[in-house]
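Observations on the model geometry
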Amino acid sequence: MLARLRTAVLLLLLLPLTACGTIKLGHDFDMGLFQSRIEQGATTRTQILDWLGNPSGTGVSVSSDGHRYEQWTYYFAKGKVDKPSAAKMKILQIKFDQQGVVRSYNWSTSGN
């Protein structure tokens, strides 16, 4: 009971600090630099790792014709807790064929 009370008091004391705090998710990456270097059908996984580091997530994408691609996702988000509508977000998804060569990519951004 006392431990729960201490936890509740600590949360109440920290809440005002987080309301003004900045939150970051993922790691920032330079989309312009990526676009200047990427070459569909030639750029490899190793090159992407050198440029951007490890992806935030990985998975598989299956195209409408049944081809399977390894998919890497990079994301970055930064914003203030009290102003989520002003958050800056970037998402980059890269698809690789079985040889580890980039077949396609897409990206999106929002915010400043």
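Below or above, wherever it landed, is the structure these notes cover. (Residues numbered from 1 in each chain as written. Predicted model: local features only at pLDDT ≥ 70, side-chain atom pairs only at ≥ 80, totals over all residues. Heavy atoms only, no water.)

**Observations concerning a nonpolar patch on the surface**
- Judged by side-chain polarity, Ile23, Leu25, Tyr75, Val81 and Ile91 come together as a nonpolar surface patch covering roughly 420 Å² of accessible area.
- In this fold, Tyr75 is placed in strand β3 (residues 68-80). (Patch = residues over 30% accessible without salt bridge, like charges linked within 9 Å, V, L, I, M, F, W, Y side chains within 5 Å. Areas by Shrake-Rupley, 256 points an atom, 1.4 Å probe, with all protein chains shown as cover. Salt bridge = Lys/Arg side-chain N within 4 Å of Asp/Glu carboxyl O. Helix = DSSP H or I, 4+ residues; strand = E, 2+ residues; numbered from the N terminus.)

**Observations concerning the pairing of strand β2 (residues 57-62)**
- Of the pairings in the sheet, the one linking β2 to β3 comprises six bridges and is antiparallel in character. Pairing of Gly57 across the sheet is with Thr73, part of β3.
- Where β2 hands over to β3, the hairpin turn is made up of five residues, of which Gly66 adopts a positive phi near 95°. (Pairing = 2+ DSSP bridges.)

**Brief notes about the packing of aromatic side chains**
- Summed over the entire model, instances satisfying the criterion amount to four aromatic pairs.
- An aromatic cluster of three or more residues is present, and its members are Phe34, Trp51 and Tyr105.
- The side chain of Arg45 reaches across the aromatic face of Phe96, ending 5.9 Å from its centre.
- Residue placement shows Lys90 over the ring face of Phe29; its charged tip is 4.9 Å from the ring centre. (Phe/Tyr/Trp six-rings, centres within 6.5 Å; stacked < 30°, edge-to-face > 60°. Lys NZ or Arg CZ within 6 Å of the ring centre and 35° of its normal.)

**Describing the environment of Ser56**
- Residue position: Ser56 is located in the loop between α3 (45-52) and β2.
- Between the alpha carbons of Ser56 and His27 there is a distance of 8.2 Å; along the sequence they are 29 residues apart.
- Once residues lying within four places of it in the same chain are set aside, the contact partners of Ser56 are Thr73, Tyr74 and Tyr75.
- Side-chain polar atoms of Ser56 contact the backbone nitrogen of Tyr75, separated by 3.5 Å. (Contact = heavy atoms within 4.5 Å. Polar contact = N/O pair within 3.5 Å; in protein donor to acceptor, adjacent residues only side chain to side chain.)

**Topic: the side chain of Lys90**
- For Lys90, the position within the fold is in strand β4 (residues 83-96).
- A polar contact is formed between the side chain of Lys90 and the side chain of Asp28, at a distance of 2.6 Å.

**A look at the nonpolar core**
- Within the largest apolar cluster, 13 residues are counted, with the highest numbers of intra-cluster contacts made by Phe29, Phe34, Ile48, Leu52, Tyr74, Leu92 and Ile94.
- Ile48 has contacts with Phe34, Ile38, Thr43, Gly53, Trp72, Tyr74, Ile94, Phe96 and Val102, leaving out every residue within four places of it along the chain. (Core = buried A, V, L, I, M, F, W, Y, C linked by side-chain atoms within 4.5 Å. Buried < 20%, exposed > 50% of the residue type's maximum accessible area, 1.4 Å probe, protein only.)

**Focus on the pattern of salt bridges**
- The final tally for this structure, using the stated rule, is three salt bridges.
- A salt bridge links Lys90 to Asp28; the shortest N-O distance between them is 2.6 Å. Of the two residues, Lys90 sits in strand β4 while Asp28 sits in the loop between β1 (22-26) and α2 (31-37), which places them 62 residues apart along the sequence.
- Residues Glu70 and Arg45 are paired through a salt bridge, measuring 2.4 Å at the closest nitrogen-oxygen approach. Of this pair, Glu70 sits in strand β3 while Arg45 sits in helix α3, and the two are 25 residues apart along the sequence.
- On the accessibility criterion, Glu70 (29% relative accessible area) is partly exposed.

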